[in-house]
4 protein chains.
Amino acid sequence: MYNFRTDLALERRDLYKKANKLDKEIDGIETQEEQISDKITTSRVKVINEEGEKAIGKPIGNYITIDIKKLKIATEDDIQHSSEALTKELKELVNKHSNPKDTILVVGLGNIYVTPDSLGPKVVKDIDITRHILEYMPEYLSPETRPVSVISPGVLGTTGIETLEILKGIVDNVKPKLVIVIDALASRSIQRISSTIQLADTGITPGAGVGNKRKDLNIETLGVPVIAIGVPTVVEAATIAADSLDLFIEKLQENAESNQYLNKLQEEDKYEMIKEILMPEDYNFIVTPKEIDDLIQNMANIVARGINFAIN
Amino acid sequence: MYNFRTDLALERRDLYKKANKLDKEIDGIETQEEQISDKITTSRVKVINEEGEKAIGKPIGNYITIDIKKLKIATEDDIQHSSEALTKELKELVNKHSNPKDTILVVGLGNIYVTPDSLGPKVVKDIDITRHILEYMPEYLSPETRPVSVISPGVLGTTGIETLEILKGIVDNVKPKLVIVIDALASRSIQRISSTIQLADTGITPGAGVGNKRKDLNIETLGVPVIAIGVPTVVEAATIAADSLDLFIEKLQENAESNQYLNKLQEEDKYEMIKEILMPEDYNFIVTPKEIDDLIQNMANIVARGINFAIN
Amino acid sequence: MYNFRTDLALERRDLYKKANKLDKEIDGIETQEEQISDKITTSRVKVINEEGEKAIGKPIGNYITIDIKKLKIATEDDIQHSSEALTKELKELVNKHSNPKDTILVVGLGNIYVTPDSLGPKVVKDIDITRHILEYMPEYLSPETRPVSVISPGVLGTTGIETLEILKGIVDNVKPKLVIVIDALASRSIQRISSTIQLADTGITPGAGVGNKRKDLNIETLGVPVIAIGVPTVVEAATIAADSLDLFIEKLQENAESNQYLNKLQEEDKYEMIKEILMPEDYNFIVTPKEIDDLIQNMANIVARGINFAIN
Amino acid sequence: MYNFRTDLALERRDLYKKANKLDKEIDGIETQEEQISDKITTSRVKVINEEGEKAIGKPIGNYITIDIKKLKIATEDDIQHSSEALTKELKELVNKHSNPKDTILVVGLGNIYVTPDSLGPKVVKDIDITRHILEYMPEYLSPETRPVSVISPGVLGTTGIETLEILKGIVDNVKPKLVIVIDALASRSIQRISSTIQLADTGITPGAGVGNKRKDLNIETLGVPVIAIGVPTVVEAATIAADSLDLFIEKLQENAESNQYLNKLQEEDKYEMIKEILMPEDYNFIVTPKEIDDLIQNMANIVARGINFAIN
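**Q** Explain the interface of chain D and chain C residue by residue, including any values.
**A** How big an interface is tends to be reported as the loss of accessible area on association of its parts. If you look at the interface, chain D gives 30 residues, while chain C gives 30 residues. In total, about 2300 Å² of surface goes out of reach between chain D and chain C, with carbon and sulfur atoms giving 58% of it. Inspection of the chain D/chain C interface yields two salt bridges. With a closest N to O distance of 2.7 Å, Glu-165 of chain D and Arg-131 of chain C form a salt bridge. Along the contact surface separating chain D from chain C lie eight residue pairs in polar contact (both at pLDDT 80 or more). Secondary-structure elements contributing two or more residues to the side of chain D that touches chain C are α4 (119–125), α5 (131–136), β5 (148–151), α6 (156–159) and α7 (163–174) of chain D. The greatest single-element share of the side of chain D that touches chain C, amounting to seven residues, is contributed by α7 of chain D. Partitioning the side of chain D that touches chain C into residue classes produces 14 nonpolar, nine polar and seven charged.

**Q** Pulling in residues and values, what's your account of a nonpolar patch on the surface?
**A** Taken together, the side chains of Ile-112 and Tyr-113 of chain A together with Ile-112 and Tyr-113 of chain B present a nonpolar region at the surface, about 300 Å² in accessible area. Looking at the element boundaries, Tyr-113 of chain B is found in the loop between β4 (104–108) and α4 (119–125). The class for Tyr-113 of chain B is partly exposed, based on a relative accessible area of 33%.

**Q** Report on the environment of Val-114 of chain C, specifying residues and quantitative values.
**A** Within the secondary structure, Val-114 of chain C sits in the loop between β4 (104–108) and α4 (119–125). In the structure, Val-114 of chain C is positioned 177 residues away from Glu-291 of chain C in sequence and 14 Å away in space, judged by C-alpha atoms. Setting aside chain neighbours within four positions, we find Val-114 of chain C in contact with Lys-290 and Asp-293 of chain B.

**Q** Which residues make up the arrangement of the chains, and what values go with them?
**A** Across the gap from chain A to chain C, with no contact made, the nearest C-alpha atoms are 12 Å apart. Between chain B and chain D there is no contact; the minimum C-alpha to C-alpha separation amounts to 12 Å.

**Q** Would you mind going over the packing of aromatic side chains in detail, with residue names and values included?
**A** Under the criterion given, the structure shown has zero aromatic pairs over all chains. Over the ring of Tyr-113 of chain B we find Lys-125 of chain A, and its NZ or CZ is 4.3 Å from the ring centre.

**Q** Describe the relation of the copies chain D and chain C, listing the residues and the values that go with them.
**A** Placing chain D over chain C gives an RMSD of 0.1 Å and needs a rotation angle of 180°, together with 0.0 Å of translation along the axis. Both copies are brought into coincidence by an operation consistent with a two-fold rotation axis. No C-alpha of chain D approaches the rotation axis more nearly than that of Gly-169 of chain D, which lies at 1.8 Å. Taken as a fraction of all interface residues of chain D, those also at the interface in chain C reach 100%, which identifies the copy contact as same-surface.

**Q** Help me get a handle on the pairing of strand β3 (residues 61–68) of chain A, residues and values and all.
**A** All names here are of chain A. Summarising burial for β3: eight of the eight residues are buried, a large majority. Burial of β3 is two-sided: the residues Gly-61, Tyr-63, Thr-65 and Asp-67 facing one way and the residues Asn-62, Ile-64, Ile-66 and Ile-68 facing the other way are all buried. Relative to β3, strand β2 (residues 40–47) is paired through eight bridges, and the arrangement is antiparallel. Within β3, the position partnered with Arg-44 by the bridge is Ile-64. Here β3 pairs with strand β7 (residues 196–200) via five bridges, running antiparallel. Within β7, the residue paired with Asp-67 across the bridge is Thr-196.

**Q** So what about unusual backbone geometry? Which residues, and what values?
**A** Positioned with a positive phi, Lys-21 of chain A is a non-glycine residue whose angle comes to about 45°. As for its placement among the helices and strands, Lys-21 of chain A is situated in the loop between α1 (9–19) and β1 (29–35). Of note, the phi angle at Arg-5 of chain C is positive, near 50°, even though the residue is not glycine. Structurally, Arg-5 of chain C is set in the segment before α1 (9–19). Overall, the relative accessible area of 11% leaves Arg-5 of chain C in the buried class.

**Q** Give a description of the pattern of salt bridges that names residues and reports values.
**A** Residue and element names in this part refer to chain A. Summed over all chains, the structure comprises 41 salt bridges over all chains. Put simply, Asp-172 and Lys-168 hold a salt bridge, and the shortest N to O gap is 3.7 Å. Of the two residues, Asp-172 and Lys-168 are both situated in helix α7 (residues 163–174); the distance of four residues between them amounts to about one turn of the helix. A relative accessible area of 40% means that Asp-172 is categorised as partly exposed. For Lys-168, a relative accessible area of 27% gives the class partly exposed. One network of salt bridges, with partners in common, ties together Glu-34, Arg-44, Lys-88 and Glu-89.

**Q** How would you summarise the side chain of Arg-12 of chain D if you had to cite specific residues and measurements?
**A** Residue and element names in this part refer to chain D. You can see Arg-12 is positioned in helix α1 (residues 9–19). Nearest to the buried, unbridged Arg-12 among oppositely charged side chains is Asp-7, at 4.4 Å. A distance of 2.8 Å separates a polar side-chain atom of Arg-12 from the backbone oxygen of Thr-6.

Reading the values: the criteria
Residues numbered from 1 in each chain as written. Chains lettered and ligands numbered in written order. Predicted model: local features only at pLDDT ≥ 70, side-chain atom pairs only at ≥ 80, totals over all residues. Heavy atoms only, no water. Contact = heavy atoms within 4.5 Å. Buried area = accessible area lost by both parts, 1.4 Å probe. Salt bridge = Lys/Arg side-chain N within 4 Å of Asp/Glu carboxyl O. Polar contact = N/O pair within 3.5 Å; in protein donor to acceptor, adjacent residues only side chain to side chain. Helix = DSSP H or I, 4+ residues; strand = E, 2+ residues; numbered from the N terminus. Nonpolar A, V, L, I, M, F, W, Y, C, P; charged D, E, K, R; others polar. Patch = residues over 30% accessible without salt bridge, like charges linked within 9 Å, V, L, I, M, F, W, Y side chains within 5 Å. Areas by Shrake-Rupley, 256 points an atom, 1.4 Å probe, with all protein chains shown as cover. Buried < 20%, exposed > 50% of the residue type's maximum accessible area, 1.4 Å probe, protein only. Phe/Tyr/Trp six-rings, centres within 6.5 Å; stacked < 30°, edge-to-face > 60°. Lys NZ or Arg CZ within 6 Å of the ring centre and 35° of its normal. Least-squares fit on C-alpha atoms with pLDDT ≥ 70 in both. Pairing = 2+ DSSP bridges. Lys, Arg positive; Asp, Glu negative; His and termini not counted.

Below you can see the structure in the form of structure tokens.
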């Protein structure tokens, strides 16, 4: 498979179309775009069959992308509207896969001690949990309340345990009817860092965004439907460099300054070449905005609020 | 049962002896004290039968207390010696309950976001984990390496899930032969705050130290032996006040200034009275040194180092 | 002077009245109370002459106390109303001591690394600063904007420099017309911990709340008016214990169970006795709610919002 | 002047030599390299006259670079050796510019809330300060002790005050004979991120590393000698991309695949072009290792230890 180096279905579809010089939609894929407001756009990518699956390397299902412009200088209103956009889309998926009083388990993937990987643990800190109150002090809550619990399982590198091993055991004991997983993703575009939310009802491969693929979390492995909420928080440095090379070669071609060799080069993936030349082995270099600490906090607020209103 | 308001077996034994005016040892209890150095004392309390169990409300087993004087102004040497004292005692318990290459799961109980309850999560952050390396890159480790993994399950109030429910599932999947649990405890003495370590091979009742008892973690509930490492990090404010009343009445009696009523009062527990008068309902008031943030960090270093050398 | 062990003028006035069995107001003091809402009460203590000054050990000036009930379980509305109450009182003091476009310097006293002492640095983090934008990019702001800058000078124990030495230099260079100082205070009442705000237009003695008095910050030492915003975040453990003894002796007297000795004792201050018996020398023991991390965060939000609306 | 996009004198010298195709040393510059150990290399760049100054855009003075290999996987020994290398070099500069008992002020520049900019505040947190003890409790210290104090002034964007304005006032009041400033720098090489220390006795331009140049801190502006300790913590994303383009064109030339246009292009700076195409306006994109939080902590330990042994 083509190495997309992005977890966003929307970006993969665009890259596939460009690489294959397609003008019309990919077979097996349906897309739709909606402008929610000045600053917010929602795109829906539906993978409807195996062709679509093969093209973009994502299982059959729904992938919804919410893009928020200029989140860095967002007002309180922008944040409220963004979380409302998430609530609306998430509510639809939740209702499709569960009943109103079904137990939900919200899982915050990632490492609280590594800023760009801390989104999941930060979101679950702000989720309104009710399961223990329903069990020990039910008189404090309306009888309509849905049992909600959360967990931050850590990452393989800090626990020594596969996330799937941890969650399997918890799901067996807590018996939720639906799992919602929050994780950091990789994207190709630095504009999307901590400014885009992807919703998917097909589960997730934890750590994909930060270069350490782990076992899938989905209905096959956990036994209950898994909705994934992903936010790009990093772009790999070699990706940026490779993309800038591509832009550069395109520019040469426009100016008719390229030659045969360059044209051939354009077909190739420069990522590995750059990685080899540029990057020291032991590190995982990423591109982030300097303001990543603040951006992650803003996004955590949006996602937590969006989930709280969708499931309670 | 008498409300000891301490999780330390050693303090309970002293309180029981005082309350019952015993000069000799309690039936069913054996104790022993060892001066390790100028600053470090180790005490061993062994509960050997049901009498001992009933007297101090702790199950049959071994309770080892390591007291470290003036930890606040400890040198790097003091810290090293303290962790060595822990390693020595822990190694003995670990070898008694497991074989050299048996898998161990280290559990950091508590809430990372509440300083006096954050010891457990801080300790596990510094444990040397090996289980995933043995599984994915065994060539990097000696074949003698013991598989070690860790987990910070959070607390009921932040997850909505009983710690036992979380750990049961993980133990079923990870299948350790021994579990080591780290938790914050309550003590009666402010001198012991973040200056004492209690080791026990009988498991633990999480949250006991901070006033929210939860289901026991021990060989009966988890199916494997559980060694508990507890550190007092708080004293309840009402306990301090009640203890100061007791000291005050004692002083009156020494000066022959007390009367019948006071003598009668001395027999009673003033804790509830004080709690009612002094403490607003909604809060859990604790006494800590102002320097608690630093002290917890020092103690976390000692405990993590002590464990790493005992199990690897 | 009587050792009030509280920085709140309101508590000192009450303690003075009680100690001197006064029914009417203290000479040189005027007080007034206003119920703002169900949960918020504002009290005004005015020290009008030297008698008042001597009685409660606070300089001539205005002391406004805003008490907020059950802040721990406050809704977003309660927080908004609390910050509005602060804005109203602060605006009055600010307008009394400065003109609309006068430069203001906001100073966050305290130690960011010690939770109960971290209020000041946390508040200034959220103050809207404008001075540098007015200087480098004035086109982005309305010409009516007041220049606001902030500083967190640290504490003597972490810098080796008296707060006054640091601020004197900064005031000489920045030349504000008014300084607003935020600090943690000590109170006698655990109900007031992180639930009360005291405003004073007489400056502040930093560190008074945590047992390390430093040089005063006021118009005499800094050369410009100093408004102090103080929030009690700790009660000394020995204070709690001494107060519980007092309550206990009162109760004995009510039941006619006391004797001459006890009656005499009642006149004395038990604080030193308790401190000697109960507290290890090297530490500064304080009483806080276990939830202090969250409470400080809530209060920092209220104070920052209150200031932002009062001065911008 | 050529835009070096690095604060390291050593990198500037290399870039200047490469750009001007010099084989021998630059006029006005002297360099020297010393292999301290397997992992540690020290380089000395001396700017001796105006020619040297003009060539690399750094004032006359000494620039010492300590490079530490594989700091990420450093052992405790490596950290100790690195801090010893820093102590040795710093001691020499300190003795050159001050007497043994002269007061020193250590300044931690940067923003504690932005990880790659938090090195300065983290270092000063661990400096052994003595000035207040010498003033209030001199009996606790040897009479040979040097008065040391520290300050973290924040950054213009969080205080509204120029760092120079803050420090000027403090220096006027504290009257140190020498100022040591710690700051984060920019470099061209991602291998150097949090792995290199530059020492200079010519002061510093704060914020240069993160794209916001501020007023210089040096003997002219502060009135006392200023030793700067800088650590590269970020590389600008556009720099990485431009450098990868250069490498790419070089490779084409080696393979005789380039053309006239490409050869011309090689002379140009692609940085601005890339910045325009690739980077959204509002952000400052940087490249960091994913492990930046840990790396900054390691480096802060090395620098604090290195300073403590050099000045006490």
